[in-house]
Every structure is written in C-alpha cells, then in structure tokens.
Amino acid sequence: MAERRWRLGLTRASYPNCSRPALAVTETASADARRLLVALGGQQNAGKSTLFNLLTGARQHVANYPGVTVEKKTGTFSHGGHAIELVDLPGTYGLTSFSLEERVARDFLLLEQPDVVVNVADASSLRRSLRLTVQLRELGLPVVVALNMMDVAARRSVVIDTDALAGHLGAPVVATVGRRGEGGARLKDAIIARATISDAPPPLVIDYGAMEPAVTGVTEALTRHPSLADHCPPRWLATRLLDCDAEAMRLLRTHVPEPDAILAQIDRARADFETAEGVTIADQIASSREQAVRAIETAVLDRGTRVRRTWSDRIDAVVLNRWLAPVVLLGVIATVYELSIVQGYEVTHYTWPVLATWRAFAAGILPEAGFLYDPLLRALGLWLVDSANTLLNYVPIFLILFSLIAVLEDSGYMARIAVILDRLLRRFGLHGQSTLPYVLSGVFAGGCAVPGVMATRSIPDHRARMATILTAPFMNCLAKVPLYTLLLGVYFADSMSLMMFYIATITLIAALLVAKLLSTTVLSGLETAPFIMELPNYQWPTVRGVALRAVERTWVYVQKVGTVVIAVAVVVFTLLHLPGLSQTEQEAFEARGQAAISDFEAALARTPFAEQVPPQRLVGLVNAYDAYRATRLNADRNTADADFRARFPDLMVFVAPGRDRAERAASRALRNLASARKALRREMRETRIVNSVLGRIGRSLEPVTQFAGFDWKINVALLSSFAARESSVATLGVLFQDGADENQSLEQRVAHGAGGTDGRGALAALAVILFFALYPPCLATTIMVHVQTGSYRWMLFSIAFPTALGLGVASAVYSLGTAVGVDAVTAMTTTYLAALAMLVIVGLAGDWRSRPAAPLPQTST
Amino acid sequence: MTTLDTIAPGRRVRIVRVRSQGAVLRRLLDFGFVPGGDITMVRMAPLGDPMTLRIGDDTVAVRRDEAARIEVETHG
C-alpha cells in the first residue's frame, strides 16, 4: 500500500520520493490497469447526484457507511481501460467534523485515501463551492473539480476562466452540465489523467495572516512524527488542532506516543494568538479562508452584466408573500393530490386488468385445484400473486406522485415549503424539512411511509429527524384507505365525507402531538442543528432528472415493500393454515363432498350425458365451470365459450344448454354441484382459520381488545395487516363469508356478521378506524426505520408505541362511548375536537427551544 | 449593538462578529457569515420566521434565533 500513503512534504521538491510506482505501469499497459477508487464530493444542490448518475449510469449500489446511518451510494464504470469505483460522499458544506455527514466524508477521505476526489462545484455559486474545494485542497487531496451548472452561470452572463481556476487550485477543472448530460466524457478523461499523474501538485497553502507563526510552529512540531504525515498533511493538521477539532486530537493521540508536549504547545500558541489579536482561532481561519476564496473568485470570475436572480426574486416575492404563500402552497398540494391520488386511481383501472391477466396466467400454470383440497403449491402460489398484485396496483400512483415531488424538489419550491412551514413545525419538535417526508408518507390522504422515512435523510437536525422518522408513519398510507372505505360504507354511509375528513386530518394532529411528546421526552437528549438552509434558484426541472428520481423511488418501494410483503405473506399464509383441519372434521367434510358428487351423478344418470363424465373428468369439469362463470362475469360470453370449448369440446351442453330438457337438467346438476362445493370449501376455510395459529392468537387477545370492541376476527385482520395493510380487507373478506354466495357485497356481510349497523356496531367500527389510523407502521416501514435510525431499539419502539397509543385511544372511545351511549359520529367529533384542542394548546405553549441558552459570546472584531 | 434579526427587509449590512460556537458557528462560517462580509436582508417568511438573506450569490434562510447571534453594522 506504499503508493497510497500520504506524502510528507509540502513542496514539489519532495515529491519524487513518493511517486506512485504502480501507476507508472498503468499508464503504459492498460491490460493490468488497477481498479481506481474515486470519491464524489460536493455541497448540497450542486448537482452531485445527477453527475453520479451521469458517470455510472444504472450500475449503482446503495448501503450505509459502516456504523452510521448515512447512506453510501457506490457505482462502477470503466474508462480508458481502467475500472473505476465511484463512491458518493454525503453532501457537505465544509470538512470540519461538526456534523455526522462531514465526519463521514472526512473519515472516508482520510482513511480510504481515494485515488481521485471529484469535487462537484456549482458554477452559479462559485464562492460557496470554493469554500469546500479549498478545504479539500488544503488536505492535499488529488482533486478534479467538476464545475457544474455552467448553463445557469452562462444564463446569468457569469464567465469563469477554468484554466486560471485550475492554476489557483492546483487541480484540473472540467465544465459540466449534469442535468443535460454534458461533460461526462471529459470528466472521465480528467479523472484518469489525475490518477495517473506522476508529479502531483502539493497541498494548497492558505495564508493565515497573523496566525501564521502559530501554524508554522505547530506544523514543524508535527513534522517530527512521520507516522502522522502518513495520514494527512502536517500543516492541515496543525490548523485543525489549533481550532480544537476533536477528531484531529484523536488522530494526534493515536499516532504520537507522548502527545502532551505537542498539545501543550498548541494550547499555548492558541492562547497567545487569541490574547494578542483579540480574535478566536475559528474566526481567523474562517476569514483567512474567505479572503483566499474571494481572491480566487475575483481572479477567475467575470460577472458581466449583473442580471442574476431576477426571476427567482420575482417568484419568491409571490410564493413567500405573507398572504399569497398559503394560497400557493394549498394550490400546489391540491394539484399534487388531484394528479397523483385521484387521477392515479383512474390509471389503475387500466393497469389492473394487466395484473389480473397475470394472475389468470399463474392460475393456469399452477397445479389444478382438487374437488375440496387444493395442492399446496397452487394455494400458496395464488396467495403470493394476490399479495404482489395489491402492491403493484399502486405503482402508477407512486410514479405520478414521485414525479411531481421530484418536480417540486428540482424546481426549488420544496426548499420554500420548508421555509414557510418551519415555524409551525418547529413548535412540535419538527423541522421545516420534515415537510417532504410527511408529504411522501401521505399527509393528504395517500402515500407510503417507506419513501417517506427514507426522505428524512436530508434533515440536518438529529432530534427533529428522529421525531420525523417516528411520526411520518402516522400519515395516511394508501393501503389504509380500502379498510376505511369498507367500514365507512357499512356504518357511516350518511356522513362519509365528514368522517373521511376527520380521519385524514386527525392523523396529522396525532403525528404533531406525538412528535412534540417524543422530542420533549425520549428524544430530548439528541443533538440538534441550526436552521441554515440554502434557497436554490428556481430552475426548470428536466424530464430526465424527474423520470430518474421517480423511477428510482418507485423501484425502492417495489423492492423493499415487495420483498418484505412476499416474505411475510408466506408467514401469514402458514399461520392461517396451520394446524389445519382435524381428522374428524376432514372426514365430515369429505363425506359431505361425496354426498354432493353422488347427488350430481344421480341427477346425471337420468340424462344421456352420464357416460361422458366419468369420475376422472369430474373435478376438471367443475373447475372449468367455475372458470366459465368467472370469465362471463368479467368478459364476454364468446371468450368464456371459447375457453370452455378448448378444454371440454364435447361437454358444451353443461354451460350452454339448448331447449332440450335433458341438457337443461345436466346443466342444473353441474350448477348445484359447483355451488355445493363452493359452500363446503368456504366452511372448511373458516374452520381452518378458527383453528389456525393466527386465529388462536386473535382469540387470546380478545380479553385486551374487548375494551376497544374488537372481536377475534378483527384481531386477525389487524394482525395480518401488519405484514401489509392491504391484507386487512382481504382477511376480513375471508372471515365474513356468510352471504358471499347470495352475491352480497363485503359491506353487507361485515354488517351482518358484526351484529348489525346499530350504535354499538358503529362504535366498534369507529374504534377499529381509530386504531388503524394510529396503527404501527407496516413491516416494510419498520425495516426502513431500522435502516434510517441504525437501531433495532427504535424499530421496536416504532411498533410498540403506536400500538399502545392506538389501543388506548380505541379503548377509551369505545368504552366511554358505550358507557355514555353516544352515537359514533358524535364520538368521532368529540375525539377530533379534543385532539384539535390539545394541538392548539401545545402549539401556543410557545416555540420549542431546541438548544440550551445562548453560549458565552466568543467575540471577534 | 445591532443584531441581524432586527434588520428590516431590503437593508444591506456588514457582519461585525458572530457570537456563536461549535456546530452553529461552523455552519454559519461555511455559508459565508464571516466578519467583514456583506448581507442583504430580503424578507421574513410568511409566519415571521425564518428570515431570508442574500449573502454573496446565495439566498439563505436562517432562523431568527441564529440571526440574533450575528452582530452587524449598517453600511457607512
């Protein structure tokens, strides 16, 4: 690894000692070119992710940096015979070790020592970008500057002399326009050239003015410890140590046997400087660096005619106007809701038949159903296809929703939303940037907490971020809607829209209250950060950028939710089927099945068709008959006829009898047999569920859930919905089967099965709705909570807390409501108003002060 | 001493000192809140906080709590 080590010297003269022998070979023989490690660093909004996509294409891999929850995106590409591994560093404004992201980025640069660091700089905000570039170059890193957003700069008639910039920085500069895919090839050339260079430029030296004697003194002391110089340039380390950088102190202690002498020297130098100059080291470093940055900017940048920002200013004057801001915000939210949720549902009417065709295809290739028992492979296979279909059904909605959110982000409006709502959200321990996770999770009646929890990554304030992660799942998950619709349809048909409004908004109220509760209790010890947010200029989003983001997020949804749901579907299937029917039950069902077959055979014996249906054809015939009925319900009669004819060309009389009495009798016999079989199967399924493990768990929970009015069937439905909310309605469908035969809707059956639509039933339904609204996140979301918090403890908390809260609220409403004897709508109104009152009281209790009192003034002049 | 949170929209001021430390100070410095630097107060957010500032080529939103720690002087 000798060639990867840090060079000692600060001057070009010392470089020949540390040239990279391995690289000298790669220049001539590309066949044994080694793999290059390249880091991609830059500030937020500089276009880092678009450049990452431009360089690597689709070959990406996402994981976490070891031990922390910061996402690490890795990609590979090859260029000029080199295989290159590109690592995306977290977006950072600087390289001090004060935030987690900056620590992670700096550790990676120091420990992994990448061959090249691509620094994405924003040409339209050169000064800010240079603050980071200068720090990277002070660290002596082999930097290639990707000067991005050249189009934006050009539009503002800003001209940047890239050659002069490269000279000042000691790093090649490549102009790029990431969002239009320009400059990728030149950037790759520059990366290879920089990696294979033989005389690398020395670290950048900044003039620290009055602090120079202190810096030089400490640098000299550090240079006496060569093991340190292997890790970073001594001069850089000297400035960090003078600035009391904790990580730098740690580095010193690990690599210097007796650090006390040096530490004492550093303390003395710092104290001497600060008393003599009346300026803190931090301020001196910042202003020296700022001077250097401005000097470079002045030397390389020509502003031309200053027409910059006018458009952004004009738009901001409207969207951030005190009176117009709420109007615009509500308009934008209503538009997103209308286009994604309402119109998205319309789109699913066209995509659902595709999924149904796939199910029919699966049903066709799986082993055929038996008369009473299906082969396990068929039952499980169809169960899995159904589970997958319910999820895939949401894909069009998510594609639209995520595209619109990408438009909001790329245009720059999302940052304005954070500014508009920060004051409100801060009162509840949240952050302006909690808005995006809430929107993704479904603040307005539909979303998914998986991408929502994922989007909390950008919140810099650790406490607010945790509060957001733990409360975003309260939002209205799309999959909760079918259960609401079902129960509202049964019990609240008259006041459906009022109830829907209550449900959609009470979840937000609950989330805000819980966020406040958590951030003042369990989260109170966590690190917070100041709110300093860049408002990027408004830009037209590109189709390419929006599409990439939307597909990426939807794919995460399909991947994460899909794999978890399929896995859990298997578990729930097992729990619903084990231990199965007892021996006596089995025998009883078989006897009844046999009786039905005998009836059929007896009826058929009176017709001339008896010989055409020998026992071995019977099951196939019944299955084909069921398929025929199903097809005729969904499609036209010709298709149904054709399908049936393909299987039993000689038995068409059974489905399409003529006027002949015998033909009609045969058809009737088959219809009777099919419905007898359906009834038997349904009874078997219910017996199986009652006996099943999940059924028993549901029963054993009744003593606890009785206060909320949940019987065992509801318990089973709620338990199975933990896997995926969609399954709650499906499970209820199985449990409330009486009447399915008479073509009663599930609504009617639930009403009938749950003891009518009287007041008590409605209160129980309200309790279920309230519990479901506060219900813990589904399994996929809890896994995402684990990914984002890096802790199983928080994951378990995210399950346990909402369960307790939901059960508490549901029990209180049901028990009190029953005791007082109010009707369900009044109970809901009361609950809602109580929650709203709490929200107002907590909100008015004053801004939540997230920091201790202002620290002692560190003065500077 | 005047602090940044009391400046009216449209006014241009110069930073005198930043009374802060630790992470807050670093973040402010990274965004260019450096003594001697110029800042234009653009507007307050609709709910009265945070405030929008122009610093260099950038537009930055800062909570009033943070702005209260930045001492400024009006241009001479």
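Positions within a chain are numbered from 1, following the residues in the order the chain's sequence is written. Each chain gets a letter, beginning with A, and each ligand a number, beginning with 1, in the order they are written. Local features in this predicted model are restricted to residues of pLDDT 70 or higher, and side-chain atom pairs are both shown and tallied only at a pLDDT of 80 or more, whereas totals for entire chains, interfaces and linings draw on every residue. Note that the side-chain values use all heavy atoms of the structure and ignore hydrogens as well as water.

Caption draft 1: Structural view of the overall build of chain A. Of regular secondary structure, chain A possesses 37 helices and ten strands. Using a 1.4 Å probe on the protein chains alone, a residue whose accessible area is under 20% of its type maximum counts as buried, one over 50% counts as exposed, and one in between counts as partly exposed. In chain A, which comprises 861 residues, the proportion classed as buried is 54%. Pairs of residues are marked as contacts when any of their non-hydrogen atoms sit within 4.5 Å. Counting only contacts in chain A whose residues sit at least 6 apart along the sequence, the fraction spanning at least 24 positions is 75%. The Shrake-Rupley method, run with a 1.4 Å probe, gives the accessible areas here. Residue values count only the displayed protein chains as cover. Taken as a whole, chain A presents about 36,700 Å² of accessible surface, with 61% of it coming from carbon and sulfur. Counting from the N terminus, the helices are the DSSP runs of H or I reaching at least four residues and the strands are the DSSP runs of E reaching at least two.

Caption draft 2: Local environment of the nonpolar core. All names here are of chain A. Core analysis: the largest hydrophobic core is formed by 120 residues, its most contacted members being Phe398, Tyr413, Phe492, Phe710 and Leu766. Those residues in contact with leucine 766 that lie beyond four places of it in its chain are Phe492, Met499, Val813, Ala824, Ala827 and Met828. With 65 residues, the next largest nonpolar core counts Leu126, Val218, Ile285 and Leu301 among its residues. Joining through side-chain atoms within 4.5 Å is the link that ties buried Ala, Val, Leu, Ile, Met, Phe, Trp, Tyr and Cys residues into a set, and such a set is a nonpolar core.

Caption draft 3: Examining a nonpolar patch on the surface more closely. Residues and elements named next belong to chain A. Together, Leu578, Val693, Ile697, Leu701 and Leu719 line one region of the surface with nonpolar side chains, adding up to about 340 Å² of accessible area. Positionally, valine 693 belongs in helix H29 (residues 693–700). Under the relative-accessibility criterion, valine 693 is labelled partly exposed at 32%. Within this analysis, patches are made of residues with over 30% relative accessible area and no salt bridge. Like charges are joined at 9 Å or less; nonpolar side chains (Val, Leu, Ile, Met, Phe, Trp, Tyr) at 5 Å or less. For this analysis, a salt bridge means a side-chain nitrogen from Lys or Arg found within 4 Å of a carboxyl oxygen belonging to Asp or Glu.

Caption draft 4: View of the sheet that holds strand E2 (residues 12–18) of chain B. DSSP bridges decide pairing: two strands pair if at least two such bridges lie between them. Reading across from one edge, E10(A)-E5(B)-E4(B)-E3(B)-E2(B)-E6(B)-E1(B) is the order of the seven strands in this open sheet, with antiparallel pairing throughout. In this open sheet, the two strands that pair with only one neighbour each are strand E10 (532–534) of chain A together with strand E1 (2–3) of chain B. Note that strand E4 (residues 51–55) of chain B and strand E5 (residues 58–62) of chain B share five bridges and pair antiparallel. From the neighbouring strand, Leu53(B) faces E5(B), where its bridge partner is Val60(B).

Caption draft 5: Geometry of the pairing of strand E6 (residues 143–148) of chain A. Residue and element names in this part refer to chain A. Among the six residues that make up E6, six are buried, leaving the element largely enclosed by the rest of the structure. Neither face of E6 is open: one carries Val143, Val145 and Leu147, the other Val144, Ala146 and Asn148, and all of them are buried. Relative to E6, strand E5 (residues 116–122) runs parallel, the two sharing six bridges. The residue of E6 that forms the bridge with valine 120 is alanine 146.

Caption draft 6: Structural detail: the packing of aromatic side chains. Any pair of Phe, Tyr and Trp rings, taking the six-membered ring for Trp, is counted once the centres come within 6.5 Å. Such a pair is stacked with planes under 30 degrees apart, edge-to-face with planes over 60 apart, and tilted for the rest. In the structure shown here, the tally under the stated rule is 15 aromatic pairs over all chains. With 4.3 Å between their ring centres and 40° between their planes, Tyr93(A) and Phe31(B) make a pair best called tilted. Of the two residues, Tyr93(A) sits in the loop between strand E4 (82–88) and helix H3 (100–112) while Phe31(B) sits in the loop between helix H1 (22–30) and strand E3 (38–44), which places them in two different chains. Here the two residues Tyr93(A) and Phe31(B) agree in accessibility, since each one is buried. An aromatic cluster is built from Tyr484(A), Phe710(A), Phe771(A), Phe772(A) and Tyr775(A), whose rings are joined through pairwise contacts. Here, a charge over a ring is recorded when the distance from Lys NZ or Arg CZ to the ring centre is within 6 Å and its angle to the ring normal is within 35 degrees. Between the NZ or CZ atom of Arg314(A) and the centre of the ring of Trp311(A), over which it lies, the distance is 4.9 Å. Cation over ring: Arg416(A) sits above Tyr538(A), and NZ or CZ is 4.1 Å from the ring centre.

Caption draft 7: Region of the structure containing the pattern of salt bridges. One pass over the structure, following the stated rule, counts 37 salt bridges over all chains. Residue Arg426(A) pairs with Asp65(B) through a salt bridge whose shortest N-O separation is 3.6 Å. Linking Arg426(A) in helix H18 (residues 413–426) with Asp65(B) in helix H2 (residues 64–67), this pair reaches from one chain into another. On the basis of relative accessible area, Asp65(B) is assigned to the partly exposed category, the value being 22%.

Caption draft 8: Broad picture of the environment of Ala835(A). Residue and element names in this part refer to chain A. Of note, alanine 835 is situated in helix H37 (residues 824–844). According to the relative accessible area criterion, alanine 835 is buried, its value standing at 15%. Along the primary structure alanine 835 and leucine 513 are separated by 322 residues, whereas in three dimensions their C-alpha atoms are 8.6 Å apart. Leaving out residues up to four positions away in the same chain, alanine 835 has contacts with Ile506, Ile509 and Leu513.

Caption draft 9: Here's a closer look at the packing of helix H4 (residues 126–138) of chain A against helix H13 (residues 281–300) of chain A. Residues and elements named next belong to chain A. Where H4 contacts H13, the two axes come as close as 9 Å, and the packing angle between them is 115°. Seen from above, H4 lies across H13 with right-handed handedness. Two secondary-structure elements touch here, H4 through Leu126, Arg127, Leu130, Arg131, Val134, Gln135 and Glu138 and H13 through Arg289, Glu290, Val293, Arg294, Ile296, Glu297 and Val300. Any residue outside Ala, Val, Leu, Ile, Met, Phe, Trp, Tyr, Cys, Pro, Asp, Glu, Lys and Arg is labelled polar, Gly included; the first ten of those are nonpolar and the last four are charged. The residue makeup of the contact of H4 with H13, split by class, is six nonpolar, one polar and seven charged. Here, axes are lines fitted to C-alpha atoms. For helices the fit covers the stretch in contact, and angles between N-to-C directions go from 0 to 180 degrees. Handedness of a helix crossing follows the sense of rotation of the near helix relative to the far helix, less than a right angle counterclockwise being left-handed and clockwise being right-handed.

Caption draft 10: Looking closely at H4(A). Its 13 residues give H4(A) an end-to-end C-alpha distance of 18 Å, which sits within 8% of 18 Å, the value for a rise of 1.5 Å per residue. Remark: Gly140(A) follows H4(A) within two positions and exhibits a positive phi of approximately 75°. Helix span is expected to be 1.5 Å times the residue number reduced by one.

Caption draft 11: Broad picture of the interface of chain A and chain B. Counting from both sides, the interface comprises 56 residues of chain A and, opposite them, 41 residues of chain B. Defined in terms of a 1.4 Å probe, buried area is the accessible area two parts forfeit on being brought together, summed over both. Roughly 4,500 Å² of surface becomes buried between chain A and chain B when both sides are summed, with 52% attributable to carbon and sulfur atoms. Scanning the region where chain A abuts chain B turns up six salt bridges. Across the pair Arg27(B) and Glu102(A) runs a salt bridge, and its minimum N-O distance is 3.8 Å. Polar contact criterion, stated in full: a pair of N or O atoms within 3.5 Å, where within protein one must be able to donate a hydrogen and the other to accept it, and residues adjacent in sequence count only if both atoms are side-chain atoms. Counting across the interface, chain A meets chain B through eleven residue pairs in polar contact (both at pLDDT 80 or more). Its residues assigned to classes, the side of chain A that touches chain B comprises 20 nonpolar, 14 polar and 22 charged. Relative to E5(B), E10(A) is paired through three bridges, and the arrangement is antiparallel. Within E5(B), the position partnered with Ile532(A) by the bridge is Val62(B).

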